[in-house]
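Structure at a glance
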Amino acid sequence: MIEIGGTKIPPAQQRRIEIPVARLPTQTMLSLPVVAINGFADGPTLWVSAAIHGDELNGVEIIHRVLQQISPHKLRGTLIAVPIVNVFGFIEQSRYLPDRRDLNRSFPGSKRGSLASRLANLFMEEIVSRSTHGIDLHTASAHRHNLPQIRANLYDPITYQCAKAFGAPAIVHSQIRDGSLRQAATQKGIPVLLYEAGEALRFNSQAIHIGVEGILRVMAALDMYDFQFQGVSLDPIEVKTTLWVRASRSGMLQLQVELGERVYKRQILGVISDAFGGASFKVRSPGDGVVLGYQQNPLVNQGDAIVHLAIVNIEENRVLLPPPS
């Protein structure tokens, strides 16, 4: 028997739970929606969460598809799924909460703080504190596009094993940001993977497919479920160093690279042109690497981050991104 938000879930049962968060000015109650699946036998407790930023939609669909494949009678342990953490932002198609705070900079939160702080505190108490492992799903922020990738502490053996099992094209050793869910959970000794893929307010079929398979592969690696996978998981590149290539001047950007593309030192990544027919300026790669993400808005200001590079050497014919399924 497990209990979440005052609701008890017996073994081999699934429950949809609504945990009250706060009322809108109309006095309408908004809740944290949770789907908890208690398995038939003991095992790890994995949480999967999405839409901490309300405009990041890929993870919502990923969790939807994962839940369709889980039977409580075949699950060892517990799966706690929170497909929409920031319901406020989700409704408004906004990254932020109504108080304009970033929820992923508000953890571990407080019962007496701002709306963001209270929601973060509730998530920590009801979800994280009951879990042994976590996967948090994200996309790039507005006007950016990310290669499917896992960001995690690759120096922690358990986290590293989960990151490898996920099978994303790249696993990136990432520093923990202050106030993030990953930082708060890590401080409790819980290994956490952060999956980044696609763009805000858009579904990306490839990012969703890799995310669904990744979660199922992690569950299999944790011996929570027996899955039959159609294809072989990707052998990810491991990245310890990344950098943003920035615009040396303002203008209109024409990118000349794709996500997952291998680039070489001094290779042209794009061209910044003058809208009034003036000179154009080439943006070159500072070193050998792989494109992890880029800016999609062609209008750039001097200093804007435009291409995110993984500084890494890989084989000439390495395929980082499989064809869309």
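Data block above holds the structure.
Because the structure is a prediction, the values reported are computed rather than measured.

**Looking at the overall build of the chain**
Looking only at helices and strands, the chain has six helices and 19 strands in total. For 325 residues, the compact-globule estimate of 2.2 N^0.38 gives 20 Å, and the C-alpha radius of gyration of the chain, at 21 Å, lies within 12% of that figure. The buried share among the 325 residues of the chain stands at 53%. Pairs at least 24 residues apart make up 68% of the contacts formed inside the chain by residues separated by at least 6 positions. Within the structure as shown, the chain displays about 15,000 Å² of accessible surface, and the carbon and sulfur contribution to it stands at 48%. Averaging the positions of the 32 positive and the 28 negative side-chain charges in the chain gives two centres separated by 4 Å.

**A closer look at the packing of helix H4 (residues 157-166) against helix H6 (residues 205-221)**
Orientation of H4 relative to H6, taken along the N-to-C sense of each, is 135°, at an axis distance of 7 Å. By the criterion of interaxial angle, the relationship of H4 to H6 is oblique. Between H4 and H6 lies a crossing whose hand is right-handed. Taken together, the residues of H6 that come into contact with H4 (itself represented by Cys-162, Ala-165 and Phe-166) are Ile-210, Gly-211, Gly-214, Ile-215, Arg-217, Val-218 and Ala-221.

**Section: the packing of aromatic side chains**
By the definition in use, this model includes five aromatic pairs. For the pair Phe-166 and Tyr-195, a centre-to-centre distance of 5.1 Å together with 35° between the ring planes defines the contact as tilted. With a gap of 29 residues between them, Phe-166 in helix H4 and Tyr-195 in strand E10 (residues 192-198) connect regions that are remote in the sequence. For the pair formed by Phe-166 and Tyr-195, the shared burial category is buried. On the basis of an interplanar angle of 20° and a centroid distance of 4.4 Å, the ring pair of Tyr-225 and Phe-227 is categorised as stacked. Counting every residue linked through ring pairs, the aromatic cluster contains Trp-47, Phe-107 and Phe-123.

**A word on the pairing of strand E8 (residues 144-152)**
The element E8 is extensively covered by neighbouring structure, given that seven of its nine residues are classed as buried. Pairing of E8 with strand E17 (residues 289-295), which is carried by three bridges, proceeds in the antiparallel orientation. Directly across from Asn-146, in E17, lies its bridge partner Gly-293.

**Brief notes about the side chain of Thr-45**
Within the secondary structure layout, Thr-45 lies in strand E5 (residues 41-49). Taking relative accessible area as the criterion, Thr-45 reaches 13% and is therefore assigned buried. Those residues within four positions of Thr-45 in sequence are excluded, and the remaining contacts are Thr-78, Ile-80, Arg-130, Ser-131, Thr-132 and His-133.

**Some points on the pairing of E5**
Pairing of E5 with strand E6 (residues 76-82) involves six bridges; the strand directions are parallel. Bridge pairing in E6 links Ala-41 to Arg-76. Crossover handedness for the path E5 to helix H1 (residues 58-67) to E6: right-handed.

**So, the nonpolar core**
Counting residues in hydrophobic clusters, the biggest one holds 73 residues, and the most contacted among them are Trp-47, Ile-70, Phe-123, Tyr-195 and Met-219. When residues in this core are grouped by element, the largest group, eight residues, is from H6. Ranked by size, the runner-up nonpolar core spans 24 residues in total, among them Leu-253, Val-263, Leu-292 and Val-300.

Criteria and thresholds
Residues numbered from 1 in each chain as written. Predicted model: local features only at pLDDT ≥ 70, side-chain atom pairs only at ≥ 80, totals over all residues. Heavy atoms only, no water. Helix = DSSP H or I, 4+ residues; strand = E, 2+ residues; numbered from the N terminus. Rg over C-alpha atoms; globule rule 2.2 N^0.38 Å. Buried < 20%, exposed > 50% of the residue type's maximum accessible area, 1.4 Å probe, protein only. Contact = heavy atoms within 4.5 Å. Areas by Shrake-Rupley, 256 points an atom, 1.4 Å probe, with all protein chains shown as cover. Lys, Arg positive; Asp, Glu negative; His and termini not counted. Charge placed at Lys NZ, Arg CZ, Asp CG, Glu CD. Axes fitted to C-alpha atoms, helices over the stretch in contact; angles between N-to-C directions. Parallel < 35°, antiparallel > 145°, perpendicular 65-115°, else oblique. Left-handed = near helix turned anticlockwise from the far one by under 90°. Phe/Tyr/Trp six-rings, centres within 6.5 Å; stacked < 30°, edge-to-face > 60°. Pairing = 2+ DSSP bridges. Right-handed = clockwise from strand over helix to strand, strands pointing away. Core = buried A, V, L, I, M, F, W, Y, C linked by side-chain atoms within 4.5 Å.

Shape descriptors only; they carry no functional weight alone.
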